[in-house]
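Chains, contacts and geometry: an overview
Now for the letters of each chain:
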Amino acid sequence: MELSKRLTAVAGFVEQGAVLADIGTDHGYVPIALVRRGVIPRAIAMDVNAGPLARAQAHIREYGLEDRIETRLGDGLSQLRPGEADTLLIAGMGGPLICRILGEGMETARAARRLVLSPQSEMKEVRRFLCRHGFQIRDEAMVKEDGKYYVILLACPAAADTGIHTDEMMETAGPSPDAGVRETGQTEAGCSETDWTEADWAYGRKLLERRDPVLREFLQKEREKYQSITGRLSDRETGSPAQMSRRKEVEEALAVIAQAERQWEIT
């Protein structure tokens, strides 16, 4: 089974020997690929809808993995007991939905060693949610596929023995040279409302520290998008409260992008 570029990046954050729970499994591609490759011994594939779960079950049968991958119908983490899986994968959903799933299943989420998350929206709010609820963002990846950009987060409960030992999974940065942008150089336990910049929340501290080239391309496109909106707003009369509010939003977005680009350049 050949995974897409996005799912390959997602699968790369699952450690050897983990027991995986794939929440919103859809076709079941990630657990099937990881079991077949010998990365994980078994998995639980879960979905809230019967249709996608049936597709996953069909693919699991196709590869003869019924004894290694269990399927469960249920909303979020409701059908998973705390400690039953040490790695939780939630990908392909909007950020608010991911936050809801984790919030409603917080005991189960905190009992896991790793959360592998790939929100399709509201990345800033997902990062804030994780940090406010005692999770550390240990790593991030960004990939471009079919013209779209995807971010994958690796988060761990603050007290977890994560098993992260490789250079790829744990690139610990020293003190930041950008003392005027960040108050400290903390990276491991740096999920602090005061320590992180708006650019860190919006675009990912780990990606900025690594000077991720895909993120750089994404920032350029975001800047061009908002500059285009600014131009269109300038061509209109700007006296209405709605137009003034929109202009302020765009200016704030451009300021955060500029901050991210500065951090990317000097990290």
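As shown above, the structure is provided for reference.
Residues numbered from 1 in each chain as written. Predicted model: local features only at pLDDT ≥ 70, side-chain atom pairs only at ≥ 80, totals over all residues. Heavy atoms only, no water.

A few points about the packing of aromatic side chains
What counts here: Between the rings of Phe, Tyr and Trp (Trp by its six-membered ring), a pair exists once the centres lie within 6.5 Å; its type follows the angle of the planes, with under 30 degrees stacked, over 60 edge-to-face, and the other angles tilted. Helical segments are the DSSP runs of H or I of at least four residues, strand segments are the runs of E of at least two, and each set is numbered from the N terminus. Partly exposed residues are those whose accessible area sits between 20% and 50% of the maximum for their type, while under 20% is buried and over 50% is exposed, using a 1.4 Å probe and protein chains only. The rule is short: NZ of Lys or CZ of Arg within 6 Å of the ring centre and within 35 degrees of the ring normal puts a charge over the ring.
What the rule picks out here adds up to 3 aromatic pairs. An angle of 55 degrees between the planes, with centres 5.1 Å apart, marks the rings of Tyr-149 and Phe-218 as tilted. A residue pair is termed long-range when its members are at least 10 positions apart, and Tyr-149 in strand β7 (residues 148–157) and Phe-218 in helix α9 (residues 213–234) qualify at 69 residues. Their ring planes at 35 degrees and their centres at 4.6 Å tell us that Trp-196 and Trp-201 sit as a pair that is tilted. Of the two residues, Trp-196 and Trp-201, both sit in the buried class. A network of ring pairs unites the aromatic residues Tyr-149, Tyr-203 and Phe-218 as a single cluster. One Lys or Arg, Arg-211, reaches over the ring of Trp-264 and ends 4.6 Å from the middle of that ring. Of note, Arg-216 hangs over the ring of Trp-264, and the distance from its end group to the ring centre comes to 5.2 Å.

Quick notes on the packing of α9 against helix α10 (residues 241–266)
Threshold: Here an axis means a line fitted to C-alpha atoms, over the contact stretch when the element is a helix, while the angle between two N-to-C directions is reported on a 0 to 180 degree scale. Any angle that falls under 35 degrees is termed roughly parallel, while one over 145 is termed roughly antiparallel, one within 65 to 115 roughly perpendicular, and all others oblique. A clockwise turn of the near helix away from the far one marks a right-handed crossing, whereas an anticlockwise turn of less than a right angle marks a left-handed crossing. Residues are grouped as follows: Ala, Val, Leu, Ile, Met, Phe, Trp, Tyr, Cys and Pro are nonpolar; Asp, Glu, Lys and Arg are charged; all remaining types, including Gly, are polar.
Following both chains from N to C, one finds α9 and α10 inclined at 155 degrees, their axes separated by 10 Å at the closest point. When the interaxial angle is binned, α9 and α10 end up roughly antiparallel. Relative to α10, α9 is oriented so that their crossing is left-handed. For the contact of α9 with α10, the class distribution of residues is 12 nonpolar, 4 polar and 7 charged.

Observations regarding the nonpolar core
Soluble globular proteins: nonpolar side chains tend toward being buried together. Cut-off, in case you're wondering: In this description, a nonpolar core means a group of buried Ala, Val, Leu, Ile, Met, Phe, Trp, Tyr and Cys residues linked to one another through side-chain atoms lying within 4.5 Å. The contact criterion used throughout is that any non-hydrogen atoms of two residues lie within 4.5 Å.
Counting 50 residues, the largest nonpolar core has Leu-88, Leu-102, Leu-115, Leu-117, Leu-130 and Leu-215 as its most contacted members. Leave out the neighbours within four places in its chain, and Leu-115 touches Leu-88, Leu-102, Ala-109, Leu-130, Phe-135, Leu-153, Leu-154 and Ala-155. The next biggest cluster of nonpolar side chains, apart from the first, holds 29 residues, and it includes Ile-32, Leu-34, Val-39 and Ile-69.

Quick notes on the pairing of β7
The line we're drawing: By this definition, two strands are paired if DSSP reports at least two bridges between them.
By the criterion of burial, β7 is predominantly enclosed, with 9 of the 10 residues buried. Across 3 bridges, the pairing between strand β5 (residues 114–119) and β7 is antiparallel. Residue pairing across strands places Val-116 opposite Leu-154, the latter belonging to β7. Following strand β6 (residues 135–145), the chain reverses through 2 residues before pairing antiparallel with β7; Asp-146 in that reversal takes a positive phi of roughly 55 degrees.

Topic: the side chain of Asp-212
Put simply, the test is: Polar contacts here mean pairs of N or O atoms no more than 3.5 Å apart (in protein, one a potential hydrogen donor and the other a potential acceptor; neighbouring residues in sequence count only if both atoms are side-chain atoms).
Inspection of the secondary structure puts Asp-212 in the loop between α8 (205–210) and α9. Within the structure, Asp-212 has its side chain in polar contact with the backbone nitrogen of Leu-215 (distance 2.9 Å). If near-sequence neighbours (up to four positions away) are discounted, Asp-212 is found in contact with Met-142, Leu-207 and Trp-264.

Some details on the pairing of strand β1 (residues 19–23)
The condition that has to hold: Classification remark: right-handed applies to a crossover when, strands pointing away from the viewer, the course from the first strand over the helix to the second runs clockwise.
Of all 5 residues in β1, 5 are buried, a share of seventy percent or more. Of the two faces of β1, the one carrying Val-19, Ala-21 and Ile-23 and the one carrying Leu-20 and Asp-22 are both buried. Of the pairings in the sheet, the one linking β1 to strand β2 (residues 42–47) comprises 5 bridges and is parallel in character. By the bridge assignment for β2, Ala-21 is matched with Ile-44. Considered for its hand, the β-α-β crossover made up of β1, helix α2 (residues 29–36) and β2 is right-handed. Bridge analysis of β1 against strand β4 (residues 87–93) gives 4 bridges, and the strand direction is parallel. Considered in β4, the bridge of Ala-21 is made with Leu-88.

Describing the packing of helix α4 (residues 95–104) against helix α6 (residues 123–132)
Interaxial distance between α4 and α6 falls to 8 Å at its minimum, and their mutual angle equals 20 degrees. Taken together, the axes of α4 and α6 lie roughly parallel to each other. The two elements α4 and α6 cross, and the hand of that crossing is right-handed. Along its contact with α4, which presents Gly-95, Cys-99, Leu-102 and Gly-103, the element α6 presents Glu-125, Val-126, Phe-129 and Leu-130.

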